[in-house]
Amino acid sequence: MVKAPATGKVIAICDTVIDNQPGAIGLDYARVKGNLWMLSENYVVIDHENGEVSLLAHLQQVTIVVQEGQLVKQGQQLGKVGNSGSTLEPHLHYQLMNGTGSHAQPLPMYFTTIRRKTGNRTFVYKQTSLQTGEQIISGR
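All residue numbers refer to position in the chain's written sequence, counted from 1. Residue-level local features of this predicted model are given only where pLDDT is at least 70; pairs of side-chain atoms are given and counted only at 80 or more, and the full residue set underlies all totals for whole chains, interfaces and linings. Heavy atoms from the whole structure form the basis of all side-chain values; hydrogens and water molecules are not counted.

As recorded by an unreviewed UniProt entry, the chain carries the name M23 family metallopeptidase and is attributed to Rhodocytophaga rosea.

(A) Spotlight on the side chain of Asp15. In this structure, Asp15 sits in the loop between strand S2 (8–14) and helix H1 (29–32). Pairing of N or O atoms within 3.5 Å defines a polar contact, subject to two protein rules: one partner must be a possible hydrogen donor and the other a possible acceptor, and residues neighboring in sequence count only if both atoms are side-chain atoms. A polar side-chain atom of Asp15 sits 2.7 Å from the main-chain amide nitrogen of Val62. Among the polar contacts listed, one links the side chain of Asp15 to the backbone nitrogen of Thr63, at a separation of 3.4 Å. Here, residues are in contact when the closest pair of their heavy atoms is within 4.5 Å. Discounting residues that sit within four places of it in the chain, Asp15 has contacts with Asn42, Gln60, Gln61, Val62, Thr63 and Ile64. In this description a helix means any DSSP run of H or I spanning at least four residues, a strand means any run of E spanning at least two, and both kinds are numbered starting from the N terminus.

(B) Local environment of the sheet that holds strand S3 (residues 43–47). Any two strands between which DSSP finds at least two bridges are classified as paired. If you walk across this open sheet you meet the five strands as S5-S2-S3-S4-S7, and the pairing is antiparallel. Taken across any chain shown, the strands that pair with only one partner, and hence form the sheet edges, are strand S5 (71–72) and strand S7 (93–97). When strand S4 (residues 53–57) meets S7, the two strands line up antiparallel, connected through five bridges. Each bridged residue has a counterpart across the sheet, and for Ser54 the counterpart in S7 is Leu96.

(C) Summary view of the pairing of S3. Burial here depends on accessible area, computed with a 1.4 Å probe over protein chains only, as a share of the maximum for the residue type. Under 20% is buried, over 50% is exposed, and the range in between is partly exposed. Counting buried residues along S3, four of its five residues qualify, which places the element largely inside the surrounding structure. Here S3 runs beside S4; their pairing, made up of five bridges, is antiparallel. Counted as the bridge partner of Ile46 is Ser54 from S4. If you look at the hairpin formed by S3 and S4, you'll find five residues sitting between the two strands, and Glu49 has a positive phi there, around 60 degrees.

(D) Structural context of the pairing of strand S9 (residues 121–129). Both strand S8 (residues 110–118) and S9 contribute to a ladder of eight bridges, which runs antiparallel. In the sheet register, Arg116 faces S9, and the bridge partner there is Phe123. Linking S8 back to S9 in an antiparallel pair, the connection comprises two residues, with Gly119 at a positive phi of about 65 degrees.

(E) Fine view of unusual backbone geometry. The backbone of Glu49 sits at a positive phi, close to 60 degrees, despite the residue not being glycine. Secondary-structure assignment places Glu49 in the loop between S3 and S4. A positive phi angle is found at His58, which is not glycine, with a value near 70 degrees. Looking at where His58 falls in the secondary structure, it is placed in the loop between S4 and S5.

(F) Up close: the environment of Gln21. With respect to the helices and strands, Gln21 occurs in the loop between S2 and H1. Not counting residues up to four positions away in its chain, the partners in contact with Gln21 are Asn83 and Leu88.

(G) Examining the side chain of Asn83 more closely. On the secondary structure map, Asn83 appears in the loop between strand S6 (77–79) and S7. Residue classification places Asn83 among the buried residues on the basis of a relative accessible area of 1%. Side-chain polar atoms of Asn83 contact the backbone nitrogen of Glu89, separated by 3.1 Å. Excluding residues within four positions of it along the chain, Asn83 makes contact with Asp19, Asn20, Gln21, Pro22, His58, Leu88, Glu89 and Pro90.

Next up, the structure:
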């Protein structure tokens, strides 16, 4: 289940793209030309109305339960993790930006608790940030 990272207003969604078979990218490049969000295919974009915008992408087709213009609260369900767009395996792509245009810049993200898996060991970190390319595991 994918949940809203923070309170805000849903400003864009796409929920119509069939998930790829694992290991195969099913992206229609002609369709995404000029819209970089479409590389993620099924997505939700939330404007947090504080200069921050979240993109949650690669969601499963027809699982998005919010609509454009809807106000969402932190932790509210948005949809389910999928395998749509430019991806080979199911995962959630989360990106925090300072806007929605072509000049939007990435912003650092800070988490209250995350779990990193290294080899066969799991480490819990409080009040931390992630580095590009790091992977975290779900669960409590």
